[in-house]
Amino acid sequence: LSFMDSDFLGMVGGYEWHRKGVYVEALKGNIFPHFGVFPPTRQDYIKLLDNIKADRTQQKQSSMMEVGIGSGVLSLILLQQKKVDRVVGTDINPYAIACAKDNIQRFGFHDQVDIIKADLFPPTGATINGETNKKFDVVLFNPPWIPGDAATWLDQAVYDSDQSLLRRFLLHAQHHVNEDGHIYLLLSNLGIHLRLFQEQDVHAMFQEGNLELIEVYKTKSKAEVKRRKPVQKVEKESQLDGIANARAQEVISLYKLRRKK
């Protein structure tokens with residue numbers, strides 16, 4: 001297939017996902033991705049959500065902010081599992097805002113979720129459920145995992161130029177979590193295997209953001225790597241082989257952090 005053929009098939013596949021939905025085992029139901037929103041076709045990391053725990057020692061509803069809510073799949077899983085009671089989801093992608101609202105409505109959690117269009121965090125002074133500059137028991141972020149430029153809304157779910165988005169999140173997250181709350185970061189090490197950044201770069205960002213690492217939970221990616229048939233040696237094929245080899249070694253981590261006291 002030519003590039004245009006592959007691009008066309010991708011569009012067809014996206015339409016089919018939107019029409020039929022993507023089955024999510026953890027939800028026992030379908031998520032319906034919209035155009036411009038990353039579909040939850042990869043679910044090997046979802047088991048890591050079992051390690052997310054909100055503070056239940058006080059008689060109050062547990063709250064979570066999901067930064068970059070996308071299709072809404074992660075928030076829906078945690079709501080369905082009763083890990084959290086209320087969610088505020090943010091996203092800068094207007095297609096994601098509509099998509100998350102649609103899926104949350106389908107699963108019947110619309111009274112427990114507020115969706116805000118924002119670049120990472122709500123603006124200073126924003127009022128949420130009658131509370132100004134609200135802080136949360138849990139802050140969750142599943143950021144783009146490959147350093148690179150994003151040309152489309154869909155690309156923005158995958159590529160983060162110079163890891164600027166991740167750095168901004170880690171610098172400001174401390175201001176949005178309760179004193180005893182935790183920040184959870186879902187991050188693939190694919191960029192490390194592609195030699196685009198190093199593990200210590202991420203830990204340096206934790207320090208810069210006044211965050212203490214409590215625990216790291218990991219799972220191996222179940223991505224299948226297909227052997228390529230012999231082809232003419234061209235730069236593009238070599239790049240694709242490099243990505244395929246990196247995917248074979250990919251590990252997804254859930255970092256549990258808290259604000260330094």
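Given the structure is predicted, the values throughout are model-derived calculations rather than measurements.

**Structural notes on the overall build of the protein chain**
Reasoning step 1: Helix and strand counts for the protein chain come out as seven helices and 11 strands.
Reasoning step 2: Per-residue burial over the protein chain gives 43% buried out of 261 residues.
Reasoning step 3: A separation threshold of at least 6 residues defines the contact pool for the protein chain, and within that pool the share at least 24 residues apart is 72%.
Reasoning step 4: On the protein chain, roughly 14,300 Å² of surface is accessible, and the fraction owed to carbon and sulfur atoms is 51%.

**A closer look at the side chain of Asn103**
Reasoning step 1: In this fold, Asn103 is placed in helix α3 (residues 94-106).
Reasoning step 2: Overall, Asn103 belongs to the buried group, its relative accessible area being 0%.

**Overview of the environment of His110**
Reasoning step 1: Inspection of the secondary structure assignment puts His110 in the loop between α3 and β5 (113-117).
Reasoning step 2: Here His110 falls in the partly exposed class, since its relative accessible area comes to 38%.
Reasoning step 3: Taking the C-alpha atoms as reference points, His110 and Val87, 23 residues apart in sequence, are found 9.9 Å from one another.
Reasoning step 4: The residues touching His110, leaving out its near neighbours within four places in the chain, are Ile104 and Gln105.

**Structural notes on helix α2 (residues 73-80)**
Reasoning step 1: Taken across its eight residues, α2 has seven buried, putting it largely inside the fold.
Reasoning step 2: Along α2, the residues that are buried comprise Val73, Leu74, Ser75, Leu76, Ile77, Leu78 and Leu79.

How each quantity is defined
Residues numbered from 1 in each chain as written. Predicted model: local features only at pLDDT ≥ 70, side-chain atom pairs only at ≥ 80, totals over all residues. Heavy atoms only, no water. Helix = DSSP H or I, 4+ residues; strand = E, 2+ residues; numbered from the N terminus. Buried < 20%, exposed > 50% of the residue type's maximum accessible area, 1.4 Å probe, protein only. Contact = heavy atoms within 4.5 Å. Areas by Shrake-Rupley, 256 points an atom, 1.4 Å probe, with all protein chains shown as cover.

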